[in-house]
Amino acid sequence: MSFIAWIVVGLIAGWLAKMIVPGREPGGFIMTMVIGIVGAIVGGLIWNMMGKAGASGVNLYSILVATIGSIIFLFVWKMIAGKNAAY
């Protein structure tokens, strides 16, 4: 995936994950993009372990993979950071 595609998919997936996961999430625009890009990597790794293709471009499938990865990333982030994290 190109750099621009990672940014676009990251923004969409990060925003969707922040809307789905309950509670306060860190940061603004940049952090949303980072959450989505990390989510695309996490989702891609999970999908690859299951024998499927990961995020592959700006399309619905890649956004779904990245959003699921972003949701997993946010839940893990909250478990590690706990209630005392400074966002």
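The coordinates are above.
Residues numbered from 1 in each chain as written. Predicted model: local features only at pLDDT ≥ 70, side-chain atom pairs only at ≥ 80, totals over all residues. Heavy atoms only, no water.

S.K.: Looking at this structure, I do not really get the overall build of the chain. What am I missing?
M.R.: What the chain contains, in helices and strands, is three helices and zero strands. When its helices and strands are written in sequence order, the chain yields α-α-α. Buried positions account for 36% of the 87 residues belonging to the chain. A separation of at least 24 residues holds for 61% of the contacts in the chain among residues at least 6 apart in sequence. Total accessible area on the chain is roughly 5100 Å²; 75% of this is exposed by carbon and sulfur atoms. (Helix = DSSP H or I, 4+ residues; strand = E, 2+ residues; numbered from the N terminus. Buried < 20%, exposed > 50% of the residue type's maximum accessible area, 1.4 Å probe, protein only. Contact = heavy atoms within 4.5 Å. Areas by Shrake-Rupley, 256 points an atom, 1.4 Å probe, with all protein chains shown as cover.)

S.K.: Teacher, can you tell me more about the packing of helix α1 (residues 3–20) against helix α2 (residues 29–49) here?
M.R.: When two helices pack together, their arrangement is captured by the angle between the axes and the distance separating the axes. As a packed pair, α1 and α2 sit with axes 6 Å apart at the nearest point and diverge in direction by 100°. Between α1 and α2, the crossing angle belongs to the class labelled roughly perpendicular. Counting all contacts with α1, which are made through Trp 6, Ile 7, Gly 10, Leu 11, Ala 13, Gly 14, Trp 15 and Lys 18, the residues of α2 involved are Phe 29, Thr 32, Met 33, Ile 35, Gly 36, Ile 37, Ala 40 and Ile 41. (Axes fitted to C-alpha atoms, helices over the stretch in contact; angles between N-to-C directions. Parallel < 35°, antiparallel > 145°, perpendicular 65-115°, else oblique.)

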